[in-house]
Every structure is written in structure tokens, then in C-alpha cells.
Amino acid sequence: MRRSIPVLATALGLSLVLAGCSGGGDEPASGDEPTKPAESAGTLTVWVDDTRSGPVKEVAQTFEADTGVTVKFVQKDFGDIRDDFISQVPTGQGPDIIVGAHDWLGKLVQNGVVAPIELGDKAGDFLDVAIDAMSYDGTLYGLPYSVENIGLVRNNALVSEPTPDTFDALVEQAKAAGTEHSVLIQQDETTGDPYHLYPLQTSFGAPVFATDDTGAYDGSQLAMDTEQGRAFAAYVGKLGAEGVLKTTVSGDIAKEAFLAGQAPYMITGPWNVGDFVDAGMDVSIEPIPSAGGQESQPFVGVQGFFISAKSENALLANEFVVNYLGTEDVQLALYEAGGRAPALSAAVDTIADDPVVAGFAEVGKNGVPMPSIPAMDSVWSDWGATQVAIINQQGDPGEMWTQMCASIAAKIAAA
Amino acid sequence: MSRTTTPPAASPRSRTARGPSAGPAGPDGPRGPRTWIGAQTFSAGFVVKLVLVGLVDALGVYGVLASAAQQQWGVLAFLVAALLVVNLVYFSRRAVPGKYLVPGLVFLLVYQVFVVAYTGWTAFTNYGDGHNSTREDAVEAILVQDEARVPDSPTYALSVVTRGDELAFAVVDPEGDALVGATEQPLEPADGADVEGGRAVALDGYDVLDFAQVVARQSDVFAMRVPLSDDPNDGSLRTTDGSAGYVYASTMVYDEAAGTITDTTTGTVYTADETEGSFVAEDGTALGTGWRVFVGLENFSRVLADPSLRGPFVGVLLWTFGFAIGSVVLTFGLGLFLAITLNDWRVRGRTVYRSLLILPYAFPAFLSALVWRGMLNRDFGFVNQTLLGGAEIPWLTDPVLAKVAVLTVNLWLGFPYMFLICTGALQSIPHEVYEAGRLDGAKPWRMFRSLTMPLLLVSTAPLLISSFAFNFNNFNVVYLTTEGGPQDLSAPVDVGASDILITFVYKIAFGGVNRQYGLACAISILIFLIVATVSAISFRKTRALEELG
């Protein structure tokens, strides 16, 4: 064995050399900063999804040139970002910045993985609904860049009279057009789709949670468990019986049908309208008529950038997010890339000549931020499944609604 | 394994090479030097081995350095041990079986044993939403979340400055006066400040840092709080980007010695509860962010004792058995029937049929499941519209039909496999057996029952057992076809009529309501125990079949 020592030594020596080479690549990043500050002032890691990566990368180039910081991008599926972030931040391996949706915020705060950010006076430059949505318990956690909501899309080739003010009249008018469907509202056979029905629900005065005077949702008070809520349930049952609402009309089927001119109206968001316009259809965006007498308010979703609570580059991350991503140019570039209305007021004004985006923004003015409290996660599955049962006439809508509310309340209490 | 290692150990060569200093240079060593230098050192194989092991060592040493930098001592210890073993095994002449086994063993340890052990460990913790990390992280998060900008306080233009090594903030207040302060030193008027563009650019006794210098010390700068005055209730100044300062105040105070967090506005004291993993006040209210703690058998006892979980768990368990057994029986039945049919030489175009039957197997299963989901749509699906002439059968929304639907989809996906193995097994049954049967006057059904089936089962029974184990955890088919639906609206947890255990676990771990990884791991372990028991019993039974064969 003694003779194997040189062999081992050679192997070890070789491996050390190799290790030295492989490790060497990382060294300069933290190496001699004081003497050569312009070389590399640090590294920021950003998680973005496919649609947003282009514009964000462009901003990063300016940022890199200005500050000498290297910005590293990891492209991820939007749906994976939240859970990966929650599980990776505590290990110290997570990114510095992620792109995300405001309704993740409750879970991010609960798990202590997201850091508050301070926009200072710049906060006033953003739409109020966007700042509200990115705040949790009065603290701002994200820089908003886009707002999105659903509206009523009208096929102008099929109806000529103006859109009525009530949903019943709308259904009448749509049926008079003689197409296969009247007002398309996408659903899912198993999970339903409370999101697309929410404007009708709010028009009965039955929001999902009660709000306090600052507009923050109170997760302990389910505001749907009221007579107004049951009235909405009965109305959903009526729409189901009339065949206006069908749980079998999935998002894809609804879109195909509308593209094929099989319905004069569809309740949907900007993500589909681009394809309608590309197909040469003459569409306009209208507010959703009230079904229950009160204002119909769609959920508003806000997207933006969050900073990790354990970022070692907190200062750089804040500088990049607040002073670079929050500018009008970036907000406009992200709008070009994703087709969603910007969250910065000045950017919204710039694109006012885009009738689709401006139309949705107009509808969104009456919207309410989708609750971001953790309790919201307990709501979706019962909410959707019960609406499926109501649409399919599987029982008394009021009773099923009451049972649903009790079930959701129990889940929130147990969570 | 031990049986194969024994003979070399008893061979004469290895008897001489017992201790580290024995071996080639030992008493009867003439053979030693020849093998080391003559036969190995200069042979091409040895050089290749040297380079390969060198590469492995290089990677390993890099991993050791990296894990030391991250202070991951467990990983470091494992890497050191693995490297030692690899080098000893490949440069020793004795460990011949080891040379074949080591790579597999290392991967087994990393990808199987570690994963299983980690799952097991997680099953005994409260890991999940709100209990995500350590207590230190939770304290930090609670304090940071509570620190809020003082309402209507002004924005200060801020420069980061140093005196010696000590950091300080130089700010210009809304009146235009320059102030300077540090962590232990509240803001005071600055001497000899040079203000340009509303910002302090030079200061007597201080050096003003440029952006890159600020970035170099960013964590210190970020953590800095400069009191506005001697009264802590006035709040303190901090910066998040190194150029703008804001006044913040916090109402939560952490007392590390006592392990308590006090809300100074209400006077409520929250005490760290190490059994719950959260800060709890006397009245039972807990702060939102907690940490991960060991909870013992709580997750397991919840599954078995908590009525809101036990009911759904038992129901799901029964259906999981139904689904797994049903899938195996149906796919095997259809596969066997087709195999026997197409094994008959009188069927024309057998190869064409056979290739067509493999198609469902060749198509990715998750795509098939999604296509089936579309085809089973009540109003627009192909099945109802075309095959059943416009019937409105709620395949996906009726509790019983949803179960039928997932079984049907799984039958479509699974029968080609059974067809393949049955075809193979049938062709290996010798013709003489049938001729003997015919001479004994057996009718076809009798021959199938007494000859074909027993002989077929000898070779296919182990595959049927593994197929059972696979279908027991067949997440894709159930989740993509029905999402476990239709949901049971009266159940206190999210559970649907066609949910099997693994989709139920998925809903607990990643679904809508509060993620509970600990609980999900506990149920995973229960699933493992069930599958392992069933498989063990079945394999024991199949031995009886082999004897019969």
C-alpha cells in the first residue's frame, strides 16, 4: 500500500488543481472590490417567467452598466415560482428578486420569506388598487407592474343595439342574436370557476370576505354567508337551468366558441382578447352588467416584483426594483410583452389609445383586489365545487350555499 | 451480496494483503510490484482510471469546499467519506466487487436512502405553511414585518458616510439642514457639510461612500437604524436603497433571553412555544409566522384519530385498493384476452393488430389522460356526442361515473403492457403441454384453466404485483382525468370521489388549503407501508405458484 501513496498524492494533487480551476470562476465576484469597484459590485439573482423575462433582462442591462452589478436570471414556470420561493428562501439558496402575483402575498408573509419595500413618495405614482393589492397589513411588499381583470367582451358583428344595464336584459339580448351560446362564462366540470362569476356575485352585495375601513380583507368574516349570497346562489341556479351557464364550457371551449362567432358576449380577460383581435374580430370591452342591483366588481389581479427576506444583496435588490423596474419605460415594455395594463398611472395614460387595454382598465376601476390573505386558499375549492353543483341543479342552491359557507369557515378555523 | 464477496477474501493473494502495510511489499511480495508498476501504472486502463477517479476527486473536493463555505457539515462529512471509499476501492486490488458496487451504492444513498430518511424525518415535524424555517428566521420576519414607516414622515436624501470604519448616515432634512448620525448616536447637525442638489456630498471628519462602496457593505447599511432623537418612540432612520432615508418605528420587541416578543402598543407578551413552533400569547392567539419543530407522532395520530381526516382517509384508502385491484384485473383481463386471440395462427394480419394495440402504450400517458378528459366532457365530449349519440352522461361529475371514468382511462393506458407480457408468456409455453392435454381429452376451457393460466401466472404474477404497486400510486391518471373530483361537498377537507391516496396527499401538501408537508409525509409513509406489506405477502404467495410450475 505504501507505494500507492504517490498515486493517491497524484490523484489528490490533480483533483486540487481541477478544484482550483473550477472554483476559480466564482472568486472574482467577491474578490477585490475596494480597488476595482466598477468590475463587479455583486450579483443579483432574479426569477422570472417566460413572458416577463425579455423586458426585465433589458432593464437589467442598463442596471448592470450603471452599477457594475451582475444580474443573473433563472427562468421558471410562473406557477412554480411561489412554492419554490417559499421552500428555498429559508435554506439561503433562494433568489434575491421574484416576479409574482399579489395574491401570493399572504402565504409569502406567513412564511416570512418576503421583505417589505419602501417606495416613498413614488407610491403615489401607481394606481391605488395596485398599491393596495401589494400591501399586507398596511405594509407594502411588492412593486406592482401590471393590473388585470375580466370584463365583458362584445362581438360587435353579432349585436348592434347598446349593451343593456342588467344581466337579465343582457341574456335576453344575447339570446335574440340566435347563436348557439348567449353569454359565455368559462367554467370547469370539476372545479368550477368562481373567479369568472365573481362580478355577478358582488352585484348581489355578497363579497367573499368583509373588509375594514382601510380596505383590508378580514379572513375571519365570510361575507358570502348572507341572504345576498343565497340570492346569488339562486341566480346561478337559474342561469344553469336556462342553459346560459354550463360547467362543460371550459376556457378552451368558450374561447373557440367565441372565435367561431357562436356567442355575442363573453366574460373574459385581456389574455384572450389579443387572439380575438388577431382573428380580425370587431370586439369592444364593456363593463359587466349588474345581476343583483349593485355594482358588479371583478377581481383585480396585480403582478409585481418581490424581494427575498433573506437576500444578502438587499440594498442592490431594492435599488434595482424601486429605481429601475418602477420606471415608465419598463412598465410599458412589460405591457408590450404581456398585454396587461401597467400599474404606473403615467404608463396607463400613455397607452390610453389602445381600446382593449383601456377598456379593461376602465372596468378594473370598479374592481376589488383579489384577497391575498392565507384564508383565501381555503375558499376556492368548496366555492367552485358548490357552484358546479348549483349550475348542474344537484340540490337547493340556498342550502348548498349555506353548507359551503359552513365548510369554508371550518377550514379557515382549522388552518 | 456477502456470498459473492467471500471467495476472493479466501484466495491466497488476499491473505497476504491483510494490513495497510502488507500487500505488495509484504514478505511474499514478488507478485506485488509487478502488478502495481509493471501491469497497472503504465497500462492504458490504469491511466483512464486515474483520470476518472481524479475527476471524481476534483468534483468531490470542490463539493467539500463548497459545503464548508455553506457550513453544511452533514453534506461535507458524507462527501469526505464517499471520496475516501471511492479512492480506497479503486486503488486497492482487493475490493473487486466494490469496484462494481460503489457507484450504484453512492447513488442509492443519495437518491433513495436520503430521500426516504428525509421524508421520514419531515413526517415527525410540523413543516408546512407558517412553519417554514428556524426560530431565528421567524423572529426576524415578525420584527421586519412589523416595522412600518411613520405615517406622513418625510423622505430624507441620504448619503452613507464613514468615520474610520464606523458607518453613519448623512441626511438633508426637509428644511435643507444637513444632519449626521450613527447607530448609537442620534441625528445631530453636521459640521462643514457640503450640500449639492439636496444631498450631502462632503462632510468634515467623514468620507462619503460611492455606490459601489455602499454595495460592498450593503448588509451593514441595510441593517443600520439611526435614531431620530434620544426618545426611541420617535423612530429611527433607515435606508433600503442607500440614497433615500425614511423614518421607521416598530412596536414589536424581542427579548432573546426570555424568548418573548412584546407588542408595545397593546402590552401583549407572546412567548415562544417550542411544541407548537410559534409565539403564543396567554389568550392563545399566535403570531402568524412560526418555525419548524419536532412534533413526534402527531401527524400520524392525526390521520388515525382526527375525525375530519380519518373519515376521508378510510374512504380514500378503500377506493385506492378498488382502483389498484380493478386496474390490474381489467388491464390483465383485456390484455390476456387479446393476447390469446392474436396468438391463434388462424387470425389474419396479426402483426398489424399487434402493432396497433401497442399505440396507447407508446403515447405519453399524461397527454392521453388530458385527451380523455376532453373526450369525457358531458356536453361537448367525443364519447357522449359521437359514440353515444348526444347523450348527456356526466362522466366526470357523478361520483360513481367518475370512478368508472378513471378506471376506463387506466384500462386504455394499461392493457397494451399486459397484452405484451401475456403474448410473451404464451409463446414460451411449450406445445407439448397442450398436446398432452389434448391426449387426456381436455376441452379448450379446461386447458385454459388448468394449463394456460397456471403456467402464465408463474411468469406474470410478479409483474401483476408490481403493476398493483404502480397503480396504487397512479397519480397521473386520476389527477389529470378528474382531479380527484367530483368534490365531496360535505367533507371537512378537500377530497373527491375519485381521489386515491397519492392525489389526496398531493392536495394536502400542495393543494388549496394550508400546505402541510409534515402531514403529507406521514401519509406517504403509511402508503409505503401498505404497498410494501401487500407486495411482500403477494410475493410470498407467488412462490407457491412457482413450485406448481
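It should be noted that the structure appears before, not after, this text.
Residues numbered from 1 in each chain as written. Chains lettered and ligands numbered in written order. Predicted model: local features only at pLDDT ≥ 70, side-chain atom pairs only at ≥ 80, totals over all residues. Heavy atoms only, no water.

Q: Describe the overall build of chain A, naming the residues involved and giving the relevant values.
A: When its secondary structure is counted, chain A shows 17 helices and 16 strands. With 415 residues in all, chain A has 57% of them scored as buried. Across chain A, the fraction of contacts at a sequence separation of at least 24, relative to all contacts at a separation of at least 6, is 75%. When the accessible surface of chain A is summed, it comes to about 15900 Å², and 50% of that surface belongs to carbon and sulfur atoms. (Helix = DSSP H or I, 4+ residues; strand = E, 2+ residues; numbered from the N terminus. Buried < 20%, exposed > 50% of the residue type's maximum accessible area, 1.4 Å probe, protein only. Contact = heavy atoms within 4.5 Å. Areas by Shrake-Rupley, 256 points an atom, 1.4 Å probe, with all protein chains shown as cover.)

Q: Describe the sheet that holds strand S12 (residues 265-268) of chain A, naming the residues involved and giving the relevant values.
A: Strands pair in a sheet through their backbones, by hydrogen bonds, and they do so in one of two ways: parallel or antiparallel. Residue and element names in this part refer to chain A. The mixed open sheet is built from four strands, whose spatial order is S9-S12-S8-S13. Edge positions in the sheet fall to strand S9 (183-185) and strand S13 (283-286), since each of these pairs with one other strand and no more. Between one strand axis and the next, the sheet turns through 25° on average, direction left out of account. Here strand S8 (residues 151-155) runs beside S13; their pairing, made up of four bridges, is antiparallel. When the bridges of S13 are listed, asparagine 155 appears paired with valine 283. Of the strands in this sheet, S8, S9 and S12 touch helix H7 (residues 167-176), which is tilted by about 115° from S9. Each of S8, S12 and S13 touches helix H11 (residues 270-278); the most contacted strand, S12, lies at about 140° to it. (Pairing = 2+ DSSP bridges. Axes fitted to C-alpha atoms, helices over the stretch in contact; angles between N-to-C directions.)

Q: Provide a residue-level description of the pattern of salt bridges, including the pertinent values.
A: Opposite charge on two side chains makes pairing possible when the charged atoms of those side chains draw close. On inspection of all chains with the given rule, the structure shows 31 salt bridges over all chains. The shortest N-O distance in the salt bridge between Glu227(A) and Arg230(A) comes to 3.3 Å. Taken together, the residues Glu227(A) and Arg230(A), both in helix H9 (residues 227-242) and three residues apart, mark about one turn of the helix. Assessed through its relative accessible area of 57%, Glu227(A) is described here as exposed. Where Lys310(A) meets Asp137(B), a salt bridge forms, and the shortest distance between an N and an O atom there is 3.3 Å. (Salt bridge = Lys/Arg side-chain N within 4 Å of Asp/Glu carboxyl O.)

Q: Give me the packing of helix H13 (residues 365-375) of chain B against helix H15 (residues 399-427) of chain B: which residues, what numbers.
A: Residue and element names in this part refer to chain B. The contact between H13 and H15 brings their axes to 10 Å, and the two run at 145°. Crossing angle aside, the handedness with which H13 passes H15 is right-handed. Residues Ala365, Ser368, Ala369 and Trp372 of H13 form the contact with H15, whose participating residues are Val409, Trp412 and Leu413. (Left-handed = near helix turned anticlockwise from the far one by under 90°.)

Q: Residue-level account of H7(A), with values.
A: Residue and element names in this part refer to chain A. Of the positions making up H7, those classed as buried are Phe167, Leu170, Val171, Gln173 and Ala174. Angular distribution of buried residues about the axis of H7 spans 165°; they occupy a single face of the element. Exposed residues lying more than 90 degrees from the buried face of H7 are Glu172 and Ala176. Next to the buried residues of H7 lie S8, S9, helix H8 (194-203), H9 and S12. Looking one or two places after H7, you find glycine 178, whose phi comes out positive at around 75°. (Arc of directions from axis to C-beta.)

Q: Explain the environment of Phe448(B) residue by residue, including any values.
A: Residues and elements named next belong to chain B. Checked against the element boundaries, phenylalanine 448 lands in helix H17 (residues 444-472). On the accessibility criterion, phenylalanine 448 (22% relative accessible area) is partly exposed. Between the alpha carbons of phenylalanine 448 and isoleucine 340 there is a distance of 10.0 Å; along the sequence they are 108 residues apart. Filtering out sequence-adjacent residues up to four positions away, phenylalanine 448 remains in contact with Leu336, Ile340, Met453 and Pro454.

Q: With reference to specific residues and values, describe the pairing of strand S2 (residues 156-163) of chain B.
A: Residue and element names in this part refer to chain B. Across the eight residues that make up S2, a large majority, seven, are buried. Two strands pair when backbone bridges link them, and S2 and strand S3 (residues 166-172) are joined in this way by seven bridges, in the antiparallel orientation. Looking across to S3, one finds that threonine 162 is bridged to leucine 167. From the end of S2 to the start of S3, which pair antiparallel, there are two residues, and glycine 164 there has a positive phi angle of about 65°. The pairing of S2 with strand S8 (residues 207-208) spans two bridges and is classified as antiparallel. Residue pairing in the sheet places valine 161 in a bridge with valine 208 of S8.

Q: Could you give an account of the packing of aromatic side chains, with specific residues and numbers?
A: Inspection of the entire model under this criterion finds 35 aromatic pairs over all chains. Between Phe320(A) and Tyr324(A), the ring centres sit 6.4 Å apart and the planes meet at 35°, which makes this aromatic pair tilted. Residue Phe320(A) and its partner Tyr324(A) are located together in helix H12 (residues 314-325), separated by four residues, close to a single helical turn. Each member of the pair, Phe320(A) as well as Tyr324(A), is classed as buried. An angle of 45° between the planes, with centres 5.4 Å apart, marks the rings of Phe124(B) and Phe300(B) as tilted. Of the two residues, Phe124(B) is situated in the loop between helix H6 (96-123) and helix H7 (135-146) and Phe300(B) in helix H10 (residues 298-305); the sequence distance between them amounts to 176 residues. Judged by its relative accessible area of 13%, Phe300(B) is buried. (Phe/Tyr/Trp six-rings, centres within 6.5 Å; stacked < 30°, edge-to-face > 60°.)

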